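The chain contents come next:
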Amino acid sequence: MKSIPVLLTTMALMLSTQISSANTDPDRLAKGCVELLQIYNKHEDQRLAASLTTSLSEATRAGYCRGVIDEYNRHHDCDSPSWYDQAAVIAKQAHEESDTQTTDSLMAKACGG
């Protein structure tokens with residue numbers, strides 16, 4: 001039952017070491033945060049079913065989002081202390097297509113800036 005949070009945390013830790021030097025794609029980040037929120041909400045609603053119905057690719061995308069948020073928070077003082085709230089701000093941006101949107105601008109918005 002705790003496999004989803006453990007999997008997400010493990011993925012986030014693995015990815016966080018690569019994120020600081022990676023050229024992140026804002027669309028990939030936004031979609032990953034959508035997955036993260038869906039998995040988290042599914043887990044809260046249907047504890048056992050969430051771990052059984054989450055695919056590896058969904059967990060990987062969600063872990064990517066969590067890893068980017070965790071890594072960004074390590075280097076910046078954010079107004080929003082909750083990774084969930086930050087992911088929600090980023091996921092909302094997934095529906096707003098903008099050529100000028102960057103990962104840094106997404107993270108700054110999510111951080112409260």
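Residues numbered from 1 in each chain as written. Predicted model: local features only at pLDDT ≥ 70, side-chain atom pairs only at ≥ 80, totals over all residues. Heavy atoms only, no water.

J.: Would you mind showing me how to read the side chain of Gln93 here?
T.: Positionally, Gln93 belongs in helix α5 (residues 83-93). The exposure class assigned to Gln93 is buried, which follows from its relative accessible area of 8%. (Helix = DSSP H or I, 4+ residues; strand = E, 2+ residues; numbered from the N terminus. Buried < 20%, exposed > 50% of the residue type's maximum accessible area, 1.4 Å probe, protein only.)

J.: Would you mind going over helix α4 (residues 56-75) with me for this structure?
T.: Within an α-helix, residues lying three or four positions from one another point in the same direction, as the helix has 3.6 residues per turn. Between its first and last C-alpha atoms α4 spans 29 Å; for 20 residues at 1.5 Å apiece the expected length is 28 Å, and the two agree. What α4 keeps buried is the set Ala59, Ala62, Gly63, Tyr64, Cys65, Arg66, Gly67, Val68, Ile69, Glu71 and Tyr72. (Expected span 1.5 Å × (residues − 1).)

J.: What's the story with the pattern of salt bridges in this structure? I'm lost.
T.: In a structure, side chains of opposite charge can pair up when their charged atoms sit close to one another. Taken as a whole and assessed by the stated rule, the structure comprises four salt bridges. Here Arg61 makes a salt bridge to Glu35, at a shortest N to O gap of 3.0 Å. Separated by 26 residues along the polypeptide, Arg61 in helix α4 and Glu35 in helix α2 (residues 26-45) bring together distant segments of the chain. Residue classification places Arg61 among the partly exposed residues on the basis of a relative accessible area of 35%. (Salt bridge = Lys/Arg side-chain N within 4 Å of Asp/Glu carboxyl O.)

J.: Got a minute to help me understand the state of the cysteines in this structure?
T.: Considering all chains together, one arrives at two disulfides under this definition. The disulfide partner of Cys33 is Cys65, and the S-S distance across this bridge is 1.9 Å. Here the S-S torsion is close to 85 degrees, and the disulfide linking Cys33 with Cys65 is therefore right-handed. Placement of Cys33 in helix α2 and of Cys65 in helix α4 is noted, with a sequence separation of 32 residues between them. The same class applies to Cys33 as to Cys65, namely buried. In this model Cys78 forms its disulfide with Cys111; the gap between the sulfur atoms is 1.9 Å. Taking the sign of the S-S torsion, about -110 degrees here, the bridge from Cys78 to Cys111 comes out left-handed. In this pair, Cys78 sits in the loop between α4 and α5 while Cys111 sits in helix α6 (residues 103-111), placing the two residues 33 residues apart along the sequence. (Disulfide = S-S within 2.5 Å.)

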